[in-house]
Amino acid sequence: MSIDLSQFHQVFFEESYEGLDAMEQGLLDMDMVSPDAEVINTIFRAAHSMKGGAGTFGFTQVAEFTHVLETLLDQIRSGQRAMSQDIQNLLLKSVDCIRQLLQDLQAGNDPDLTESTTLKGQFEEILSGQSPVPATADKSDAPVDDKKEEGGGGWLVRFIPEVTLLQTGNEPARMFRQLADLCDNEMQVSLDTSRLPVFTSLNPEECYLIWEIRIEKTINKEDIEEVFEWVTDDAEIIITPLDAGSAQAPVAETKVTAEQPKIEDVQAKPAGAANPVSTEKAAVKQPAKQQESSSIRVSIDKVDSLINMVGELVITQSMLGQLGQNFDITRVQRLQEGLAQLEHNTRELQESVMKIRMMPISFVFSRFPRLVRDVSISLDKKIDLIMSGENTELDKTVMEKIGDPMVHLIRNSIDHGIEKPADRVAAGKPETGTVHLNAYHQSGNIVIEIKDDGAGLNTDRILQKATEKGLVAEGANLTQEQIFDLIFQPGFSTADVVSDLSGRGVGMDVVRRNIASLNGSIEVSSERGRGSRFVIRLPLTLAILDGQLVKVGEEIYIFPLVSIVESIQLDDRAINNVGGHSDVLQLRDEYVPIVQLDDVFNIEKEKRSIAESIIVVVETDGEKIGVVVDELMGQQQVVIKSLEENYKRVDGISGATILGDGTVALIVDISGLSKMSGTSAKILDGSHKAA
Amino acid sequence: MAKILAVDDSASMRQMVSFTLKGAGHDVVEASDGTEALKYAQGQSVDLVLSDVNMPNMNGIELCRNLRQLPGYKFTPILMLTTESAGDKKMEGKSAGATGWIVKPFNPDQLLTTIKKVLG
């Protein structure tokens with residue numbers, strides 16, 4: 001029977017990643033002086049399961065590496081070795097290394113083994129160093145001793161079980177049947193009843209019989225030993241060759257001596273022999289290209305509630321169906337009730353389906369204790385990380401994309417925000433700085449806060465840097481918020497020394513852009529000497545969008561609500577023409593470029609003057625543009641449908657949705673529109689000529 | 001066809017074992033740790049127990065010891081799935097009443113061959 005093991009790979013990977021997370025968590029929480037036994041057990045178990053799984057599913061590299069890890073952990077677990085900072089560091093590095101190996105394997109690539117080989121060397125050094133016990137574990141990898149004995153003319157097996165044999169579930173009859181299979185029934189079993197007590201003292205649960213089996217066929221002695229493998233300690237098994245002088249086995253002949261078989265030898269052999277075979281076989285079945293984490297785990301509760309709702313939907317449907325069969329006007333009331341119920345069912349179902357994609361943000365948060373630890377050690381700072389709201393749920397897709405921006409912000413907080421211990425003491429603050437992560441839901445958004453009690457943003461220096469880089473004019477008078485906002489500008493970096501941690505070219509502008517691509521926003525507030533606070537707001541899901549419906553000509557477009565700053569109606573005086581073909585709007589003390597949506601999307605419509613139109617001011621990547629539309633309609637949540645999948649990509653459009661009346665409305669991609677308007681001078685130019 | 005209780009905290013191993021055994025026509029009950037397995041065993045008997053050793057809540061050794069206390073499990077074959085090739089873990093299993101062991105890693109064929117030793 002052959003079974004394709006690759007079908008279990010996905011589960012193995014997911015489970016291993018969870019195991020690694022648990023290991024990491026356990027290692028970080030560990031009290032170095034008196035480690036909690038349960039924590040160590042958890043770490044050990046994770047390594048152990050991974051080793052077992054990796055071996056079974058043919059990932060030899062992972063199995064070999066986790067083996068040394070497990071050996072060391074086992075020593076710690078059994079109290080033979082004390083935990084130390086060095087070991088902790090090494091284990092944490094190994095967690096990263098295994099994760100990398102698994103990711104490579106999952107992607108179907110050959111993993112890079114340099115790191116694991118180095119780490120493995122370090123483990124072996126520790127293990128061989130002041131190892132309290134001689135390293136025993138690796139023996140199974142060694143080729144099995146080639147000492148094959150063959151009974152030239154068969155074997156005589158004397159099987160003398162302990163009386164307690166049956167109590168371990170071992171049954172002599174089964175072993176004899178196996179032996180019979182081995183030698184094609186060419187054997188004779190004789191019974192020795194000498195141990196049998198008198199009937200009154202006979203305990204039916206005990207085994208008093210002794211057997212002698214004469215095997216009259218040439219078979220390997222190991223095969224016989226394997227049959228009795230499990231009972232070597234519960235029985236005396238004496239295997240002697242029937243006829244030592246036979247010529248049938250010339251090679252083995254000399255070895256077939258009267259030497260008494262050593263039962264201890266027997267134990268490890270089948271195990272060892274099984275090893276290379278299974279790994280070799282399975283290694284051939286390397287995974288074909290596997291999709292990156294394409295499955296999610298959903299709790300049974302959520303699935304149950306879904307099934308429940310579908311059930312209700314079916315009931316409502318059949319109720320409506322019956323109603324339709326012989327409908328007359330008197331039953332309108334019933335119909336309305338039914339439709340109301342249908343709407344209710346549908347909404348609930350939608351919410352539940354959305355919930356499937358929702359996962360607690362702890363999946364992202366859990367990587368930060370490690371980050372904070374590593375960064376603070378490398379910077380010689382003392383930092384407490386406080387996390388709250390870990391159970392706040394958000395969409396899996398959003399979650400996958402928010403990790404990197406958060407890493408950047410946290411690194412920044414530690415690198416630039418929190419001061420060195422000495423400076424903190426001098427400033428009258430506790431030596432240990434605090435970084436606080438918090439997440440909560442607020443009006444359909446998830447809000448993530450990253451707060452530190454460090455030095456806060458230095459407005460003077462930011463302004464000075466920005467002036468140097470030409471981001472603001474010399475002597476410009478900016479409000480505090482405008483100054484804070486400068487750190488999100490492309491090409492801005494305040495770090496005096498480009499450190500290993502922050503300031504490697506990935507600036508806050510990228511953070512903002514990443515967040516904006518998720519239809520989110522980021523704000524900063526800060527107080528000198530007291531700390532800073534970054535607030536990220538994200539939609540709970542990417543599948544639904546809070547939209548503002550606008551009308552241009554006969555077309556309806558949808559603007560993401562988050563990107564709208566304000567909507568205004570102005571007279572022509574607020575519009576200035578720059579350079580003869582670009583219109584700009586003077587919005588208080590700013591100039592905002594104006595985009596005519598009908599020009600960009602080539603909509604046929606009657607030209608109206610700006611005064612009759614409405615300008616929706618939207619912001620993207622820190623830039624504002626004013627979009628001219630005819631009419632503002634309602635705001636509503638819309639379900640985003642991909643335009644690429646259903647039609648093709650269109651510049652300036654991020655997707656589409658279907659409105660209540662069945663018409664399709666396009667969702668405007670604000671940053672795309674802004675980019676188009678950068679070249680829109682041409683478009684506007686053309687249209688002006690035409691007009 | 002035998003009724004087999006498969007106990008492992010690792011979902012992938014459990015799936016693999018279960019899939020293999022079901023493919024061979026057996027009836028498989030899965031449990032993710034010793035506590036869960038014992039709870040099941042208290043209600044009904046099975047023909048064979050396959051259990052991992054290292055598990056949270058109740059490990060395989062404890063499970064084995066507890067199962068042997070149950071009247072219906074006095075002689076039921078209990079096989080431990082173990083990665084330790086060293087003898088002491090096996091001994092511990094034996095002294096807790098385990099029938100035998102299967103050393104990880106194993107492939108489906110090895111699993112089927114091994115359980116044939118104790119079934120029927």
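For clarity, every value in this text was computed on a predicted model and none was experimentally measured.

Basis of the calculations
- Residues numbered from 1 in each chain as written.
- Chains lettered and ligands numbered in written order.
- Predicted model: local features only at pLDDT ≥ 70, side-chain atom pairs only at ≥ 80, totals over all residues.
- Heavy atoms only, no water.
- Helix = DSSP H or I, 4+ residues; strand = E, 2+ residues; numbered from the N terminus.
- Buried < 20%, exposed > 50% of the residue type's maximum accessible area, 1.4 Å probe, protein only.
- Contact = heavy atoms within 4.5 Å.
- Areas by Shrake-Rupley, 256 points an atom, 1.4 Å probe, with all protein chains shown as cover.
- Phe/Tyr/Trp six-rings, centres within 6.5 Å; stacked < 30°, edge-to-face > 60°.
- Expected span 1.5 Å × (residues − 1).
- Pairing = 2+ DSSP bridges.
- Axes fitted to C-alpha atoms, helices over the stretch in contact; angles between N-to-C directions.
- Buried area = accessible area lost by both parts, 1.4 Å probe.
- Polar contact = N/O pair within 3.5 Å; in protein donor to acceptor, adjacent residues only side chain to side chain.
- Right-handed = clockwise from strand over helix to strand, strands pointing away.
- pLDDT = per-residue confidence, 0-100.
- Salt bridge = Lys/Arg side-chain N within 4 Å of Asp/Glu carboxyl O.
- Left-handed = near helix turned anticlockwise from the far one by under 90°.
- Nonpolar A, V, L, I, M, F, W, Y, C, P; charged D, E, K, R; others polar.

Scanning chain A from N- to C-terminus turns up 21 helices and 22 strands. Across the 691 residues in chain A, those meeting the buried criterion constitute 43%. The contacts in chain A between residues at least 6 apart in sequence include a share of 71% that link residues at least 24 apart. If you sum the accessible surface of chain A, you get close to 35,400 Å²; carbon and sulfur atoms cover 50% of it.

The next point concerns the packing of aromatic side chains. Two numbers describe a pair of aromatic rings. These are the distance of the centres and the angle of the planes. Considering all chains together, one arrives at 13 aromatic pairs over all chains under this definition. Ring centres of Phe-8 of chain A and Phe-19 of chain B lie 5.6 Å apart, and the angle between their planes is 75 degrees; this geometry places the pair in the edge-to-face category. You can see Phe-8 of chain A sitting in the segment before helix 1 (9-29) and its partner Phe-19 of chain B sitting in helix 1 (residues 11-23), one on each of two chains. The exposure class of Phe-8 of chain A is buried, given its relative accessible area of 2%. Relative to Phe-228 of chain A, the ring of Phe-159 of chain A lies with its centre 5.0 Å away and its plane at 35 degrees, an arrangement referred to as tilted.

What follows concerns helix 1 of chain A. Over its 21 residues, helix 1 of chain A runs 30 Å from end to end, which matches the ideal 30 Å to within 8%, given 1.5 Å per residue. Among the 21 residues of helix 1 of chain A, 16 are classified as buried, and the element is accordingly described as predominantly covered.

Turning our eyes to something else, we now look at the sheet that holds strand 9 (residues 445-452) of chain A. Residue and element names in this part refer to chain A. Ordered in space as 6-8-9-11-10, the five strands form an open sheet in which the pairing is mixed. Edge positions in the sheet fall to strand 6 (383-388) and strand 10 (521-527), since each has one partner strand and no second. Each neighbouring strand pair of the sheet contributes to a mean axis angle of 15 degrees, computed without reference to strand direction. In this fold helix 12 (residues 368-379) packs onto strand 6 and strand 8 (433-442), with an angle of close to 165 degrees to the strand it touches most, strand 6. Against the sheet, helix 13 (residues 396-417) engages strand 6, strand 8, strand 9, strand 10 and strand 11 (531-539), with an angle of about 20 degrees to strand 9.

Taken residue by residue, the interface counts 48 residues in chain B and 44 residues in chain A. Roughly 3,900 Å² of surface becomes buried between chain B and chain A when both sides are summed, with 56% attributable to carbon and sulfur atoms. Three residues, Phe-75, Pro-105 and Lys-117 of chain B, lead the burial of chain B against chain A; their summed loss comes to 18% of the area buried on that side. At the boundary of chain B with chain A, the tally comes to 15 residue pairs in polar contact (both at pLDDT 80 or more). Looking at the side of chain B that touches chain A, the elements with two or more residues in it are helix 1, helix 4 (87-95), strand 5 (100-103) and helix 5 (108-116) of chain B.

Once that is clear, we can look at the pairing of strand 4 (residues 78-82) of chain B. Across a regular strand the side chains alternate sides, sitting on one face of the sheet and then on the other. Residues and elements named next belong to chain B. Summarising burial for strand 4: five of the five residues are buried, a large majority. Neither face of strand 4 is exposed, since Ile-78, Met-80 and Thr-82 on one face and Leu-79 and Leu-81 on the opposite face are all buried. In this sheet, strand 4 lies alongside strand 3 (residues 48-52) in parallel orientation, the contact comprising four bridges. Pairing of Asp-52 across the sheet is with Leu-81, part of strand 4. Taken together, strand 3, helix 3 (residues 60-69) and strand 4 constitute a β-α-β crossover, and its handedness is right-handed. Two strands pair when backbone bridges link them, and strand 4 and strand 5 are joined in this way by four bridges, in the parallel orientation. Residue pairing for strand 5: Thr-82 is matched across the bridge by Val-103.

Residue and element names in this part refer to chain A. Note on placement: Ile-558 falls in strand 13 (residues 555-560). Given a relative accessible area of 0%, Ile-558 falls into the buried group. Between the C-alpha atoms of Ile-558 and Asp-546, which are twelve residues apart in sequence, the distance is 9.2 Å. Each residue touching Ile-558, except ones within four places of it in the same chain, is listed here: Leu-545, Gly-547, Gln-548, Leu-549, Val-638, Thr-657, Leu-659, Ala-665, Leu-666, Ile-667 and Val-668.

This next bit is on the confidence of the model for chain B. In low-pLDDT regions, the fine details of the predicted coordinates are not to be read closely. When the pLDDT values of chain B are averaged, the result is 86; 94% of them are 70 or greater. Listed scores for the predicted complex are pTM 0.55 and ipTM 0.83.

On to the pattern of salt bridges, then. Think of it this way: side chains of opposite charge can pair up when their charged atoms draw near. All names here are of chain A. Going through the model one piece at a time under the given rule, you end up with 34 salt bridges over all chains. Residue Asp-21 is joined to Arg-99 by a salt bridge in which the shortest nitrogen-to-oxygen separation is 3.0 Å. One end of the pair, Asp-21, is in helix 1; the other, Arg-99, is in helix 4 (residues 85-106), with 78 residues separating them in the sequence. Owing to a relative accessible area of 19%, Arg-99 belongs among the buried residues under this scheme. Among the charged side chains, a salt-bridge network with shared partners connects Asp-21, Glu-24, Asp-96, Arg-99, Arg-370, Arg-373 and Asp-374.

Residues and elements named next belong to chain A. Across the interface, helix 12 lies against helix 13 with an axial gap of 10 Å and an inter-helix angle of 35 degrees. Viewed along their axes, helix 12 and helix 13 form a crossing whose handedness is right-handed. Each of Phe-368, Leu-371, Val-372, Val-375 and Leu-379 in helix 12 lies in contact with helix 13, whose residues at this interface are Gly-403, Met-406, Val-407, Ile-410, Arg-411, Ile-414 and Asp-415. Looking at the contact of helix 12 with helix 13 residue by residue, the class counts come to nine nonpolar, one polar and two charged.

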